[in-house]
Structure formats: C-alpha cells, structure tokens
Amino acid sequence: MATDTLIRPDRPLDLEAVPDRRPRHWPFSPWHFFLIPLALIMLMPLIWSVITSLETASEAQRFPPVLIPKALHFSNYVDAWNSLPFGHFFLNSFLYSLATVAGNLLFCSLAAYAFARLRFVGSNLLFVLLLVTLMVPFQVVLIPTFLIVRHLGLIDSVGGLIVPNLCGVFGIFLLRQFFQSLPVELEEAARIDGASRLGVFLKIVLPLSAPVLATLAIIQFMWSWNDFLWPLIIITSPEHSPLQLGLSMFQGAHVTNWNLLMAGTVMSQIPMLAVFLFAQRWFIQSIAYTGIKQ
Amino acid sequence: MADVSFRDVTKEFPGATVAVDRLTLDIPDGEFMILVGPSGCGKTTALRLVAGLETATSGSIEIAGKNVTHLSPRDRDIAMVFQNYALYPHMTVYKNLAFGLRQRKTAKAEVDRRVTEVSAMLGLDELLARRPAQLSGGQRQRVAMGRALVREPKAFLLDEPLSNLDAKLRVQMRAELKRLHQQLNVTTIYVTHDQIEAMTLGDRLAVMSAGKLQQVGTPQDVYERPTNVFVAHFIGSPPMNLLQATVAEGRAQAGDLSVELPQVPEGPCIIGIRPDSLSLREPDDSRSALDFDIEVVEPLGGELLAHGSVNGHLASPDTREETPVLAADSESRAEITAKLDGRLRLKAGERVRLAVHPGEVYAFDAATGDALR
Ligand SMILES: Nc1ncnc2c1ncn2[C@@H]1O[C@H](COP(=O)(O)OP(=O)(O)OP(=O)(O)O)[C@@H](O)[C@H]1O
Ligand SMILES: [Mg+2]
C-alpha cells in the first residue's frame with residue numbers, strides 16, 4: 001500500500017508527505033514515560049513485602065519503612081517455614097484449589113451447556129435468577145452457608161472449604177457465553193454423524209473450549225488459593241488451615257513478626273505465579289474472546 | 001440407499017412463521033432431487049426436517065418406508081453437507097472423515113479402509129494429516145463431501161454446498177457431484193438457488209415458494225410447462241417477461257402485441273414470453289410482433305441481452321400483490337428483456353420490431369396465476 005501511494009506517475013514524488021509514525025531517536029514509545037512509573041507504583045507493595053521478608057525483625061517494625069536493609073536475611077524463610085506447619089498449609093491450599101477447579105470445570109460446563117443449547121421450560125428465568133445471585137455479596141449468604149456446611153458435618157475440615165465452592169455462577173456465565181458463540185452446525189454435524197448429546201459435548205464442545213476452560217481454571221485457582229474469609233469462618237485447627245489463614249497466625253495479639261509473615265506470604269504466592277505464567281497466554285486470549293462474539 | 005417422503009409436513013416456528021407449509025413430496029431411491037426457491041422459502045428447513053434437526057409441527061417424514069418423524073438425527077442414517085461445511089476444527093482431515101464411523105463403533109480396520117477409499121475418490125490423500133484451517137475452500141468442500149460419503153448413508157442432504165466457492169471451482173465441483181451421484185446412485189436432496197445447478201444436476205426439481213411446493217418435475221418439464229406464473233418466472237435466466245393482457249375472441253391483447261390464444265377464456269390474463277422466444281425476424285402470418293425500444297445492450301458472446309420497453313403493463317409473478325389494470329391503456333410502458341443473436345449490432349435508443357411465435361407464449365390466470373394451457 002505504501003508503494004502505491006508513493007509511486008504515482010501523476011504526482012511528483014513527495015517524501016515529506018508520507019507520515020512516519022516512529023519517533024526517530026527513541027527506541028521506545030513516549031507512553032513508557034507514563035506507564036513505567038505507573039507500573040512501579042503498582043509493584044510497590046510487592047517490592048516492599050519482598051524487602052521486608054529479608055529484613056531483621058526490628059528493621060521490619062520501623063516506620064517509615066527501611067527500603068534498603070543492612071543485610072539480606074534469607075534465613076527468615078527457613079525460620080518462617082519451621083515456626084508454623086507450612087507443609088499442612090500448602091497441602092490444604094492445594095487440595096482446596098485443585099478440588100474447586102475440578103468441580104467448577106465439571107459442573108459449570110455441564111450447566112453452561114444446558115443453558116446454552118438445551119431448550120427446557122424456564123431455562124431463561126433460571127439463568128437470570130442465577131445471574132442475580134452474582135449481585136448478592138458473600139457476607140449475606142455466609143451464615144446460611146455456614147449452617148448448611150455444619151449440617152453436612154464439615155466444619156473445621158478441608159471438605160467444608162471445598163463443597164460450597166464446587167460450582168460457581170461466574171463459571172456458568174463465562175462458559176455459557178462461550179458455548180453460545182460456537183457455530184451450532186458443528187454440533188448438528190456431529191449429531192448427524194451419530195454422536196449423542198453427551199458425545200457432542202465431550203468430543204466437540206469441550207475440545208473447542210480449551211481456552212475458556214483454562215481461563216476458568218486459573219480464575220478459580222486464584223480465587224481459592226487467596227480465599228481468606230471462608231476459611232477464617234469454618235477452620236479452627238492449624239492442620240486444616242489453608243495458607244492464607246495459616247499466615248495470619250504470625251499476627252499475634254500483641255506483636256506481629258512482619259519479616260516472617262512476609263517471608264511466608266512471598267512463599268505462598270510462588271505457586272500462583274507459576275500457574276499464571278504457565279497459562280497467561282490462554283488466559284488473556286479467552287478474556288478477549290468473550291468480548292467479541294461472532 | 002432409500003426413498004425419502006414428506007407426507008403433508010408443516011413446520012411452524014415460534015412467532016407464527018410457517019417455514020414449510022403442507023409439503024408432500026416423494027423422492028424415490030437413488031434420485032437426485034433439487035429443492036429450489038427464493039430466499040426464505042423454507043428449503044433449508046425442509047432439509048433439516050429430513051435430517052431430524054427440526055421436528056415437524058404436523059405431518060410425517062419417511063425414510064426407506066419407515067416413519068422417522070420423531071427419531072433423533074443419529075438414528076436416521078442420513079448424511080448432511082452444510083453450507084459452511086461445519087468441519088470439526090480441532091480434528092485432522094482423517095479424523096473428520098472417520099468421526100461418523102467411530103461414533104457408530106465401526107472396527108478400526110474398516111474405518112481405515114473406507115477413509116482411504118473415499119479420500120482417494122476425492123483426491124484428499126495428501127491432506128489427511130491437515131486441520132480444516134490449513135485447507136483451501138475447495139478442499140474443505142471435498143472433506144465435507146467425504147465426511148458424508150464414508151458413512152455410506154441412506155440419503156445425502158446438501159444445503160447449497162457450492163455457494164461458498166468461486167465460479168470456476170463451482171463449475172468443476174458441479175461436474176464432480178454429478179459424476180459421484182452417477183457412480184454411487186444414493187438418494188440425494190440438494191438445496192440451491194442457483195439456476196444452473198438446478199437445471200443441470202437434478203433428476204427432478206421441486207420449486208418452493210413461501211413454504212409451499214409449487215411444482216415437481218424434470219428440469220425440462222418445469223422449464224417448458226410451468227404450472228403457474230411463479231414457477232415460470234423463477235425458473236429460467238433471465239426470467240420470463242410477464243405482461244398483463246386481455247383476451248377477447250381468441251386473441252390476447254397486451255399493449256400493441258396481439259397473439260392468438262384460442263384455448264384461453266375471455267377476460268384478463270397474464271401472458272409470459274421467455275427472452276429467447278423473442279427474435280428480430282420479420283413478422284409473418286404465424287408470428288406476432290411488437291415495438292421494442294432498446295435501452296441497454298449486454299453482449300454475452302454468442303448471444304446478447306437487450307433490455308428495453310414495450311407498450312403495456314408488467315405483471316408481477318406474485319399475483320397476490322397485483323392490482324389489475326386495463327391492458328389496453330397504451331400510455332404505459334413495460335420493461336422486458338430479449339435474448340437475441342450475438343452477431344446483431346444493436347444500440348441503445350434504437351427501436352426494433354420483435355417477433356414471437358404464438359406457440360411460445362404462455363398464459364396464466366390473472367387472479368390465481370395458474371397456467372392456462
Ligand atoms: N430457527 C428458526 N426460528 C424461527 N424462524 C426460522 C428459523 N429457521 C428458519 N426460520 C424462518 O423460516 C423461513 C424459512 O427459512 P429457511 O432457512 O428454510 O429458508 P431458505 O429457503 O433456506 O432460505 P435461503 O435460501 O436464504 O437459505 C424463513 O422465513 C426463516 O426466517
Ligand atoms: Mg437456506
């Protein structure tokens with residue numbers, strides 16, 4: 001196209017008229033002057049917690065914070081690990097997160113497919129009702145949920161964490177929108193080819209939904225991994241605590257071991273970071289996907 | 001292989017859209033049946049009813065003498081080729097072809113044998129490891145055909161399978177489809193709104209309009225003896241010229257054209273003249289003539305199309321929309337098209353005298369649109 005406009009016999013060659021969008025001298029965009037400071041501001045809490053995790057207890061107490069410690073005390077990590085049952089915490093967090101991820105993938109996708117494709121009486125009303133519950137804050141349903149979990153005999157157990165979070169409305173909504181955007185002819189072709197409803201779902205719909213399923217898995221993993229309020233309500237014993245609740249044990253009534261707490265916090269974020277880095281390509285792709293339905 | 005029958009089938013969609021209206025049609029074993037009609041006339045719906053993707057509101061559908069009206073698609077043993085092909089994007093060509101067989105628990109060796117056979121037949125051998133996204137439009141079309149062929153179904157349903165191809169490929173695939181059908185002889189229902197496909201491919205045509213079956217017959221039959229003014233106008237390209245006329249004493253008068261139509265009852269009627277029935281020959285005793293003002297000339301090589309006007313009133317192929325006007329009113333002009341010898345040198349603005357043989361003039365009832373002879 002550029003050559004088309006450049007070489008036109010009816011007009012003299014005018015190089016000045018061709019706009020060159022790149023600034024000549026900077027290897028980066030001027031936007032970076034704005035974005036880099038912004039990124040630093042966003043990163044500040046993270047940087048601060050990593051620094052604190054390497055300070056002595058007295059440095060960590062100080063305010064304004066000591067941002068350049070005298071020495072780096074990596075031993076804080078060992079001390080933190082040894083002072084609380086971190087093995088249990090990690091195990092519980094993994095159990096909680098993986099079980100809720102599995103539950104959401106299974107139940108949400110089935111429910112979402114039904115809402116997207118099956119015609120049944122009251123399906124729209126039911127879906128709207130589900131969406132409405134998204135607007136109800138967790139605090140409102142906290143007590144009823146607690147009562148149900150107590151009836152199930154799951155108070156102070158990892159099971160009590162998992163069961164109420166096996167299927168979320170957000171997941172149903174996300175997947176339904178995606179399923180609806182898949183061309184229906186693919187499913188019709190498969191049905192003519194001899195697949196059952198379930199066969200169509202398993203062999204056509206799910207494989208094509210890998211990006212959105214990955215998204216749901218990450219979001220749910222993150223959510224469960226970072227959940228604090230619900231474990232706080234139902235878990236009392238340290239050996240059933242997930243990480244976020246366990247970490248709060250560093251916060252005593254009178255003193256808080258900030259350096260150890262931050263060491264534990266940094267450790268607790270490593271799996272999250274790993275999961276996100278591993279799957280971010282899919283994640284971003286499908287968040288963008290849900291916006292542009294054909 | 002089997003025959004397919006519609007028995008008084010009606011399909012009504014919510015919102016009182018009657019997509020298929022009391023359709024009765026028998027398609028014998030091995031026939032290539034073409035469904036044609038204008039957009040929205042219910043062709044796709046009729047096909048989907050056979051496939052089991054829609055359920056008839058009333059009436060019944062039979063395949064091989066068995067009532068399948070309430071069977072699910074998988075139990076009907078038919079194959080369908082969709083307009084956009086609907087290839088499974090996450091599977092290779094091989095898996096696309098094999099999917100239907102695997103669903104039916106065919107033994108692996110047999111699957112392999114049939115996929116190989118069909119891919120050889122369609123020239124897909126080289127492409128078996130590719131995904132649909134890595135194929136050209138024509139190759140996708142072949143895979144879609146292949147997916148239908150491997151199943152060896154009772155009937156093929158094809159919904160405008162060539163409409164996404166470019167003109168050259170379409171001609172090539174059309175010939176290939178015809179060859180395949182001659183070779184396999186499987187009952188086929190083929191939806192199109194392409195005139196040439198309809199005329200060349202089908203053993204018989206079924207012309208539909210607004211959900212209703214208008215006429216069934218061989219292409220020649222439908223072209224030469226349309227049962228009503230709609231079919232007459234729809235089949236044939238360019239379409240038949242339709243003029244309002246009045247019949248008195250065995251002659252029809254339309255503008256300055258006067259044709260002898262002895263069997264037609266007195267009163268208003270519609271006369272139809274195909275563009276290729278018009279010629280520049282000198283009018284004689286056997287021919288009638290009319291003055292024609294040429295407006296546009298389209299040379300097509302061996303032939304040319306002349307668009308222009310004559311005295312008279314156009315008649316609409318949809319008789320319901322029409323308000324009858326006095327055909328004798330000589331003020332009004334009607335736009336018609338003539339297909340003439342391509343060697344003629346005609347210019348826009350010229351006035352010529354066109355002749356037509358009365359035997360090639362169609363007549364239709366002005367109120368119902370039914371053919372009058
Ligand atoms: N799922 C549906 N719900 C409601 N109305 C429908 C549905 N499918 C088709 N229709 C209507 O039924 C009528 C026939 O549609 P159909 O798709 O069979 O037409 P067609 O002859 O295949 O047209 P085209 O040549 O444009 O493909 C149309 O008026 C259409 O709007
Ligand atoms: Mg259609």
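Fair warning: this is a prediction, and the values are worked out from it, not measured in the lab.

The rules we used
- Residues numbered from 1 in each chain as written.
- Chains lettered and ligands numbered in written order.
- Predicted model: local features only at pLDDT ≥ 70, side-chain atom pairs only at ≥ 80, totals over all residues.
- Heavy atoms only, no water.
- Helix = DSSP H or I, 4+ residues; strand = E, 2+ residues; numbered from the N terminus.
- Buried < 20%, exposed > 50% of the residue type's maximum accessible area, 1.4 Å probe, protein only.
- Contact = heavy atoms within 4.5 Å.
- Areas by Shrake-Rupley, 256 points an atom, 1.4 Å probe, with all protein chains shown as cover.
- Lys, Arg positive; Asp, Glu negative; His and termini not counted.
- Charge placed at Lys NZ, Arg CZ, Asp CG, Glu CD.
- Core = buried A, V, L, I, M, F, W, Y, C linked by side-chain atoms within 4.5 Å.
- Near = heavy atom within 4 Å.
- Polar contact = N/O pair within 3.5 Å; in protein donor to acceptor, adjacent residues only side chain to side chain.
- Patch = residues over 30% accessible without salt bridge, like charges linked within 9 Å, V, L, I, M, F, W, Y side chains within 5 Å.
- Salt bridge = Lys/Arg side-chain N within 4 Å of Asp/Glu carboxyl O.
- Axes fitted to C-alpha atoms, helices over the stretch in contact; angles between N-to-C directions.
- Parallel < 35°, antiparallel > 145°, perpendicular 65-115°, else oblique.
- Left-handed = near helix turned anticlockwise from the far one by under 90°.
- Nonpolar A, V, L, I, M, F, W, Y, C, P; charged D, E, K, R; others polar.
- Buried area = accessible area lost by both parts, 1.4 Å probe.
- Pairing = 2+ DSSP bridges.

Asker: Looking at this structure, I do not really get the overall build of chain A. What am I missing?
Answerer: Of the regular secondary structure elements, chain A holds 15 helices and zero strands. Looking at chain A as a whole, 38% of its 294 residues are labelled buried. Pairs at least 24 apart in sequence give 74% of the contacts found in chain A among residues at least 6 apart.

Asker: Can you help me understand the overall build of chain B in this one?
Answerer: Looking only at helices and strands, chain B has eight helices and 19 strands in total. Projected onto its principal axes, the C-alpha coordinates of chain B cover approximately 75 × 45 × 35 Å. Every one of the 373 residues in chain B was classed for burial, and the buried ones make up 53%. Pairs at least 24 residues apart make up 67% of the contacts formed inside chain B by residues separated by at least 6 positions. Accessible surface for chain B amounts to roughly 16600 Å². Of this, 50% is attributable to carbon and sulfur atoms. Across chain B, the mean location of the 43 positive side-chain charges is 11 Å away from that of the 50 negative side-chain charges.

Asker: Help me understand the nonpolar core in this model?
Answerer: The tendency in soluble globular proteins is for nonpolar side chains to be buried as a group. If you look at the biggest cluster of nonpolar residues, it comprises 59 residues, and the most contacted ones within it are Phe179 and Ile204 of chain A together with Phe6 of chain B. Sequence-distant contacts of Ile204 of chain A, defined by excluding residues within four places in its chain, comprise Leu186, Ala190 and Gly199 of chain A together with Tyr88, His90, Met91 and Phe99 of chain B. Formed by 42 residues, the second largest nonpolar core is a distinct cluster that contains Ile34, Leu122, Ala144 and Met145 of chain B.

Asker: Looking at this structure, I do not really get helix H2 (residues 93-103) of chain B. What am I missing?
Answerer: Helical geometry: 3.6 residues make up each α-helical turn, so side chains three or four residues apart lie on a common side. Burial of H2 of chain B is extensive: eight of the 11 residues sit out of reach of the surface. Every buried residue belonging to H2 of chain B is among Val93, Asn96, Leu97, Ala98, Phe99, Gly100, Leu101 and Gln103 of chain B, and all of these are buried. Of the surrounding elements, those touching the buried residues of H2 of chain B are helix H10 (184-192) and helix H11 (197-208) of chain A together with helix H3 (108-122) and helix H4 (137-150) of chain B. Backbone geometry just downstream of H2 of chain B places Lys105 of chain B in the positive-phi region, at approximately 60°.

Asker: Hey, could you run me through the site of ligand 1 in this one?
Answerer: Residues and elements named next belong to chain B. In the region of ligand 1, the neighbouring residues are Phe13, Thr17, Ala19, Ser39, Gly40, Cys41, Gly42, Lys43, Thr44, Thr45, Glu160 and His193. Between Gly40 and ligand 1, the recorded distance is 2.8 Å, taken from a backbone N or O atom to an oxygen atom. Here Cys41 contributes a backbone N or O atom positioned 3.2 Å from an oxygen atom of ligand 1. Protein contact buries 61% of the 640 Å² of open area that ligand 1 shows by itself.

Asker: Is there a simple way to think about a nonpolar patch on the surface in this case?
Answerer: Taken together, the side chains of Ile36, Leu40, Leu43, Met44, Leu46, Ile47, Trp48, Val50, Phe63, Leu67 and Ile68 of chain A present a nonpolar region at the surface, about 1100 Å² in accessible area. Leu67 of chain A gets classed as partly exposed once you look at its relative accessible area, which sits at 39%.

Asker: What's the story with the packing of H3 of chain B against H4 of chain B in this structure? I'm lost.
Answerer: In a packed pair of helices, the relevant descriptors are the angle between the two axes and the axis-to-axis distance. Residue and element names in this part refer to chain B. Their axes nearest at 10 Å, the elements H3 and H4 cross at an angle of 140°. Relative to H4, the element H3 is oriented oblique. The handedness of the crossing between H3 and H4 is right-handed. Residues Arg114, Val115, Val118, Met121 and Leu122 of H3 touch H4, and the partners they reach there are Arg142, Met145, Gly146, Leu149 and Val150. Broken down by class, the residue content of the contact of H3 with H4 amounts to seven nonpolar, one polar and two charged.

Asker: What is the right way to look at the interface of chain A and chain B in this model?
Answerer: Interfaces are often sized by the accessible area lost when the parts come together. In this complex, chain A contributes 15 residues to the contact, which on the side of chain B involves 23 residues. Both faces considered, chain A and chain B share a buried interface measuring about 1700 Å² in area, 61% of it formed by carbon and sulfur atoms. Per-residue buried area on chain A facing chain B is highest for Glu188, Ile192 and Asp193 of chain A; these three make up 38% of the total on that side. Our count for the contact surface shared by chain A and chain B stands at two salt bridges. Residues Arg151 of chain B and Asp193 of chain A are paired through a salt bridge, measuring 3.1 Å at the closest nitrogen-oxygen approach. Viewed at the interface, chain B and chain A are joined by 11 residue pairs in polar contact (both at pLDDT 80 or more). Counting only elements with at least two residues in the side of chain A that touches chain B, the list comes to H10 and H11 of chain A.

Asker: Mind showing me how you'd approach the pairing of strand S9 (residues 204-209) of chain B here?
Answerer: Regular strands have side chains that alternate between both faces of the sheet. All names here are of chain B. Within S9, five of the six residues are buried, leaving the element largely enclosed by the surrounding structure. Inspection of the sheet shows strand S3 (residues 32-36) paired to S9 by four bridges, in the parallel sense. Note on S9: the bridge partner recorded for Ile34 is Leu205. Sheet analysis places S9 next to strand S10 (residues 212-217), joined by five bridges and oriented antiparallel. By the bridge assignment for S10, Leu205 is matched with Gly217.

Asker: So what exactly am I meant to see when it comes to the sheet that holds strand S17 (residues 333-341) of chain B here?
Answerer: Hydrogen bonds between backbone groups are what pair the strands of a sheet, and the pairing can be parallel or antiparallel. All names here are of chain B. Spatial ordering of the open sheet is given by S17-S16-S15-S18, a layout of four strands whose pairing is antiparallel. If you trace the sheet from one side to the other, it starts and ends with S17 and strand S18 (351-356), each paired once. In this sheet, adjacent strand axes meet at a mean angle of 45° when their direction is disregarded.

Asker: Looking at this structure, I do not really get the pattern of salt bridges. What am I missing?
Answerer: Side-chain pairs of opposite charge can arise where the charged atoms are in close proximity. All names here are of chain B. Following the criterion strictly, the structure yields 26 salt bridges over all chains and no others. Of the charged contacts, one joins Asp293 and Arg351 as a salt bridge, the two residues approaching to 2.8 Å between their closest N and O atoms. With Asp293 in strand S15 (residues 288-299) and Arg351 in strand S18, this residue pair connects regions lying 58 residues apart in the sequence. Ionic contacts of the salt-bridge type, sharing partners, join the residues Glu110, Arg113, Arg114, Glu117 and Glu152 into one network.

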